[in-house]
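Understanding the architecture of this molecule
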Amino acid sequence: MIVWWLRHDRRLNDNECWNYLRDASIQTGTEAVALFAWNGLKTATGLGGIPRLSPKRRSWISGSLDSLRAELEPLGVKLVETDGSAVDWLTQCAADEVVFSRSVAFDERREEEAVRAAIPKTASFWTHSLWSPMNIPGGLNHLPPTFTPFRHRAEREHTEFNLAPLAITAKHSPQHPSESIPFSPSEADALARLRAYFSQPEGARQYKTRRNGLLGTEFSTKFSIWLASGALSPKRVWQECLALEAQLGGSADVEWIRVELLWREYFQWVAYTAGSRLFSQKGFRDAAPQTGFHAQAFQRWVDGTTGDDFVDAGMRELAATGFSSNRARQNLASYLIHDMGLDWRYGAAYFESQLLDYDPASNWANWAYIAGVGTDPRPIRRFNTVKQANDYDPEGAFRNYWLR
Ligand SMILES: Cc1cc2nc3c(=O)[nH]c(=O)nc-3n(C[C@H](O)[C@H](O)[C@H](O)COP(=O)(O)OP(=O)(O)OC[C@H]3O[C@@H](n4cnc5c(N)ncnc54)[C@H](O)[C@@H]3O)c2cc1C
């Protein structure tokens with residue numbers, strides 16, 4: 001039996017793991033199976049007893065598996081789930097070969113080592129990032145300590161990915177004036193959104209201008225919810241940007257989506273090189289910040305009852321939808337750390353449980369950055385939430401919507 005161990009690569013397009021499984025199974029006449037291991041996450045708790053998975057995130061993951069299962073079954077591949085670990089399932093079922101997508105994060109890399117040690121034959125690919133440790137601009141050993149030099153290096157390389165044209169079935173992609181995520185986790189929805197966002201005039205062509213919005217589907221791409229599960233490939237998004245930039249004869253708005261993808265990419269490799277330090281209170285610094293943990297204060301933040309309207313609206317949106325804009329996330333994190341004086345890791349753990357787009361590298365590196373223990377050249381990144389509300393929610397539409 002050859003097994004595709006599903007991780008953050010739950011798609012059939014632009015996926016070396018799926019291509020490998022399909023080809024190897026045909027060539028050897030071996031049964032092909034796709035496996036998703038929950039690894040105890042359904043009931044696991046993390047720091048402060050915070051569940052690792054909220055019901056909403058759990059059902060989002062289940063939805064992504066159901067849609068992939070429906071795609072795979074007609075192709076003769078069964079998708080199975082185990083509540084336990086991949087290595088336990090694979091050894092019990094005596095898998096002959098396993099193919100999987102590589103991860104940058106500490107725990108996930110340890111799982112890879114366990115699988116490699118237990119299974120006779122393994123193959124692996126980097127499907128979650130633009131580059132791999134072998135071809136990252138400037139080399140992984142020389143990863144800059146801050147983002148800007150990384151961005152400049154990456155931009156000098158003028159990277160293009162020669163992906164085959166996509167056979168996307170035309171499908172309506174919903175728009176909503178207030179809700180961020182009226183989408184499903186399926187690959188079909190990811191591709192429909194990709195196509196819609198790059199073709200409609202108020203989408204990618206206005207990205208840089210509108211990206212600090214707070215309400216609705218259209219102010220930003222919303223690709224993160226599919227990039228995290230792997231329903232969408234970052235290389236595909238990059239290539240779509242280049243194609244639209246070429247069509248428009250250059251576009252600062254579209255180009256800015258690629259800058260954001262470079263942030264994502266940078267944090268992937270920061271996580272890879274940081275290992276377990278990414279999850280420690282002092283992060284990359286010599287000393288931990290002077291913050292602590294107070295259960296009642298933390299609960300007020302979680303419940304959206306801090307008394308700061310902007311923060312409370314953001315926390316209620318997060319709990320209700322599993323999503324939050326980048327502008328809101330920055331304020332929510334800054335408020336917990338710099339106004340409430342709480343340990344940033346509790347906030348990161350709560351975001352981990354709630355966010356539909358949870359990605360270990362993006363989440364923990366962004367939190368560390370705002371806490372001043374990550375890759376930010378500034379020691380303190382404190383957001384004045386009252387000023388931010390005035391600047392980005394001048395009419396109060398966001399606050400009124402979520403505090404209604
Ligand atoms: C405290 C905090 C926690 C975060 N946790 C996560 C997380 O768990 N998962 C996650 O995908 N993003 C995380 N982000 C980054 C960012 O907020 C989201 O990627 C973005 O809001 C998703 O919406 P979008 O797809 O519409 O983004 P867009 O604005 O459309 O950006 C396009 C893509 O660029 C990438 N991107 C944009 N900003 C960032 C950033 N700051 N860091 C990394 N990648 C970025 C994402 O892949 C995103 O889909 C976090 C940010 C903060 C401040």
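Residues numbered from 1 in each chain as written. Predicted model: local features only at pLDDT ≥ 70, side-chain atom pairs only at ≥ 80, totals over all residues.

1. With respect to the domain arrangement of the protein chain
When the domains of the protein chain are assigned, the result is domain 1 (2-125), domain 2 (140-275) and domain 3 (280-403). Here domain 2 and domain 3 have C-alpha centroids that lie 23 Å from each other. The partner domain 3 presents 24 residues to the 21 residues of domain 2 that form the contact. Where the side of domain 2 that touches domain 3 is concerned, the elements lending two or more residues are α8 (224-229) and α10 (252-274). For the side of domain 2 that touches domain 3, the element with the most residues is α10, which contributes six residues. Its residues placed into classes, the side of domain 2 that touches domain 3 shows 11 nonpolar, eight polar and two charged. (Domains from an automatic or database assignment. Contact = placed C-beta atoms within 7 Å. Helix = DSSP H or I, 4+ residues; strand = E, 2+ residues; numbered from the N terminus. Nonpolar A, V, L, I, M, F, W, Y, C, P; charged D, E, K, R; others polar.)

2. A short note on the sheet that holds strand β4 (residues 97-101)
The five strands lie next to each other as β3-β2-β1-β4-β5, forming an open sheet whose pairing is parallel. The two strands at the open ends of the sheet, each matched to only one other strand, are β3 (78-82) and β5 (121-125). Averaged over all pairs of adjacent strands, the angle between strand axes in this sheet comes to 25 degrees, irrespective of strand direction. Sheet topology note: the strand β2 (residues 32-37)/β3 ladder contains five bridges and is parallel. Each residue of the ladder has a partner; that of V33, found in β3, is K78. (Pairing = 2+ DSSP bridges. Axes fitted to C-alpha atoms, helices over the stretch in contact; angles between N-to-C directions.)

3. Overview of the site of the ligand
In the region of the ligand, 29 residues are neighbours, and S220, T221, S224, E260 and N363 sit closest. Those elements that provide at least two residues to the shell around the ligand are α8, α10, α13 (326-339) and α15 (360-371). Top contributing element to the shell around the ligand by residue count: α10, with six residues. For the shell around the ligand, the per-class residue count stands at 13 nonpolar, nine polar and seven charged. For the shell around the ligand, the domains that each give at least three residues are domain 2 (140-275) and domain 3 (280-403). (Near = placed C-beta within 6 Å.)

4. Side note on the pairing of β4
The buried fraction of β4 amounts to five of the five residues, a majority that puts the element mostly inside the structure. Neither face of β4 is left uncovered, since the one carrying E97, V99 and S101 and the one carrying V98 and F100 both have all their residues buried. Two strands pair when backbone bridges link them, and strand β1 (residues 2-6) and β4 are joined in this way by four bridges, in the parallel orientation. Following the sheet pairing, V3 is matched in β4 by V98. Note that β4 and β5 share five bridges and pair parallel. The residue bridging V98 from the neighbouring strand is T122, located in β5. The parallel pair β4 and β5, bridged by helix α4 (residues 106-118), forms a crossover whose chirality is right-handed. (Buried ≥ 20, exposed ≤ 12 C-beta atoms within 10 Å, placed from the backbone. Right-handed = clockwise from strand over helix to strand, strands pointing away.)

5. Re the packing of helix α9 (residues 234-248) against α10
Interhelical geometry of α9 versus α10 gives an angle of 160 degrees and a closest axis separation of 9 Å. On the basis of their axis angle, the class for α9 and α10 is roughly antiparallel. In terms of crossing hand, the pair formed by α9 and α10 is left-handed. Along the contact surface, α9 presents P234, V237, W238, C241, L244, E245 and L248, while α10 presents V254, E255, I257, R258, L261 and R264. (Parallel < 35°, antiparallel > 145°, perpendicular 65-115°, else oblique. Left-handed = near helix turned anticlockwise from the far one by under 90°.)

6. Observations concerning α15
Taking 1.5 Å per residue, 12 residues should reach 16 Å; α15 reaches 16 Å between its end C-alpha atoms and fits that length. Within α15, 12 of the 12 residues are buried, which leaves the element mostly enclosed by the surrounding structure. Check the buried side of α15 and you find it contacts α10, α13 and α14 (344-354). In the stretch just after α15, G372 is the one whose phi turns positive, near 80 degrees. (Expected span 1.5 Å × (residues − 1).)

7. With respect to unusual backbone geometry
Here the phi dihedral of D14 falls at roughly 50 degrees; this positive angle occurs in a residue that is not glycine. With respect to the helices and strands, D14 occurs in the loop between β1 and α1 (16-28). In this structure, K222 takes a positive phi of about 65 degrees despite not being glycine. Checked against the element boundaries, K222 lands in the loop between α7 (207-210) and α8. K222 sits in the buried class, given 23 other C-beta atoms within 10 Å.

8. Here we look at the packing of helix α12 (residues 309-321) against α13
Two numbers describe a pair of packed helices, the interaxial angle and the distance between the axes. Direction vectors running N to C along α12 and α13 enclose 115 degrees, while the axes themselves pass 9 Å from each other. If you check the angle between α12 and α13, you find them roughly perpendicular. The handedness of the crossing between α12 and α13 is left-handed. Facing F310, V311, G314, M315 and E317 of α12, the residues of α13 in contact are A328, N331, L332 and Y335. Here the residues of the contact of α12 with α13 sort into six nonpolar, two polar and one charged.

9. Comments concerning the nonpolar core
Judged by nonpolar contacts, the single largest core of 78 residues is most densely connected at A271, W364 and A365. Counting residues per element, this core draws most heavily on α10, at 11 residues. With sequence-adjacent residues up to four places away left out, A271 is seen in contact with V104, A105, L278, P360, A361, W364 and A365. Core analysis: the next-biggest nonpolar cluster, separate from the first, contains 26 residues, V3, L68, A95 and V115 among them. (Core = buried A, V, L, I, M, F, W, Y, C linked by C-beta atoms within 7 Å.)

10. Observations regarding the pairing of β1
Taken across its five residues, β1 has five buried, putting it largely inside the fold. Of the two faces of β1, the one lined by I2, W4 and L6 and the one lined by V3 and W5 are each fully buried. Bridge count for β1 against β2 is five bridges, and the pairing is parallel. In the strand pairing of β2, L6 is matched with F36. Viewed along the sheet, the connection from β1 through α1 into β2 turns out right-handed.

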